[in-house]
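Structural characterization, general
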Amino acid sequence: MRRLFLLPLLGSIQCTPIEERVKMFDAGWCADPRSGNAVCILDGDTFDLVGCERTVDEAGDDDRVRLLGIQAPEIASGSDPAECFGDEATAYLSHLIEGRSVRLEFDEECYGYYNRTLAWVFISGEADDPLREELDLFEEIGVNEDGTFEVLVNELMVRAGYARIYEAEEEGRYFDRLQQAELQAAHSDQGLWASCDG
């Protein structure tokens with residue numbers, strides 16, 4: 001009796017397309033990861049992948065990237081003076097990524113205000129990379145057991161005290177890491193936490 005009941009059930013499952021039988025994994029990210037070279041640093045949370053002139057490639061990808069989840073102090077622009085630690089934040093981002101290959105990961109939205117590409121930015125290096133020693137200052141953030149590293153730049157900018165969490169983007173996939181980094185930076189009076197009011 002059981003056999004007779006299972007046969008029609010098995011037949012209906014076999015004829016159903018796999019997409020209807022199995023929930024396919026969908027992380028909800030707006031695009032697949034991609035890589036490029038950080039060429040021109042514009043401020044403490046924005047850089048260009050191609051040059052200092054903004055371009056859009058054949059695939060429609062904008063080469064101007066803003067680091068997701070963080071907000072660095074502004075640099076001087078026109079008649080507006082630089083905010084406290086704006087120049088230092090720009091210099092530090094330049095120190096971290098200028099001339100390096102970067103990997104961009106995305107979240108639910110690929111473009112933000114000013115239509116810049118929004119990304120989680122990763123850099124990696126070998127154990128003898130000069131940046132490796134600097135990571136020791138921040139509890140070896142991103143360091144692997146063999147001494148190589150892969151660092152989420154957004155997180156390191158916050159942890160080193162050159163940026164704060166951008167509250168408008170609190171739902172991001174790495175937001176928990178940014179929260180922890182900001183707590184550590186504030187607790188240790190790192191960077192802007194020691195130099196700037198508010």
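Residues numbered from 1 in each chain as written. Predicted model: local features only at pLDDT ≥ 70, side-chain atom pairs only at ≥ 80, totals over all residues. Heavy atoms only, no water.

What follows concerns the environment of E133. Note on placement: E133 falls in helix α4 (residues 130–135). Sequence-wise, E133 and G147 are 14 residues apart; in three dimensions their C-alpha atoms are separated by 9.7 Å. (Helix = DSSP H or I, 4+ residues; strand = E, 2+ residues; numbered from the N terminus.)

Our focus in this paragraph is the pairing of strand β6 (residues 101–105). Where strand β1 (residues 34–37) meets β6, 4 bridges bridge the pair, whose relative direction is antiparallel. Across the sheet, R34 pairs through a bridge with L104, a residue of β6. Across 3 bridges, β6 lies against strand β7 (residues 117–125) in antiparallel orientation. Note on β7: the bridge partner recorded for L104 is V121. (Pairing = 2+ DSSP bridges.)

Describing an aromatic ring pair means giving the distance of the ring centres and the angle of the ring planes. Considering all chains together, one arrives at 5 aromatic pairs under this definition. Between the aromatic rings of Y92 and Y162, the centroid separation amounts to 4.2 Å while the plane-to-plane angle is 15°, which identifies the pairing as stacked. Of this pair, Y92 sits in helix α3 (residues 86–97) while Y162 sits in the loop between α5 (153–159) and β9 (164–165), and the two are 70 residues apart along the sequence. Between F122 and Y174 the ring centres are 5.7 Å apart and the planes differ by 75°, which places this aromatic pair in the edge-to-face class. In this pair, F122 is assigned in strand β7 and Y174 in the loop between β9 and α6 (175–187), connecting sequence segments 52 residues apart. (Phe/Tyr/Trp six-rings, centres within 6.5 Å; stacked < 30°, edge-to-face > 60°.)

The periodicity of an α-helix, 3.6 residues per turn, causes residues three or four places apart in sequence to face the same way. If you check α3, its first and last C-alpha atoms are 17 Å apart, about what 12 residues at 1.5 Å a residue would give, namely 16 Å. Buried within α3 are the following residues: G86, A89, T90, Y92, L93, S94, L96 and I97. (Expected span 1.5 Å × (residues − 1). Buried < 20%, exposed > 50% of the residue type's maximum accessible area, 1.4 Å probe, protein only.)

Residues E108, E109, E167, E170 and E171 make up a contiguous surface patch of negative charge. Topologically, E109 is positioned in the loop between β6 and β7. (Patch = residues over 30% accessible without salt bridge, like charges linked within 9 Å, V, L, I, M, F, W, Y side chains within 5 Å. Areas by Shrake-Rupley, 256 points an atom, 1.4 Å probe, with all protein chains shown as cover. Salt bridge = Lys/Arg side-chain N within 4 Å of Asp/Glu carboxyl O. Lys, Arg positive; Asp, Glu negative; His and termini not counted. Charge placed at Lys NZ, Arg CZ, Asp CG, Glu CD.)

Of all hydrophobic cores here, the largest spans 47 residues; its most connected members are F47, I97, V102, L104, V121, V153 and M157. Elements with a minimum of two residues in this core: β4 (64–67), α3, β6, β7, α4, β8 (149–152), α5 and α6. Tallying contributions element by element places β7 first for this core, with 6 residues. The residues touching V121, leaving out its near neighbours within four places in the chain, are F47, V65, L67, V102, R103, L104, V151, L152, V153 and N154. (Core = buried A, V, L, I, M, F, W, Y, C linked by side-chain atoms within 4.5 Å. Contact = heavy atoms within 4.5 Å.)

This is a description of form; function is not addressed.
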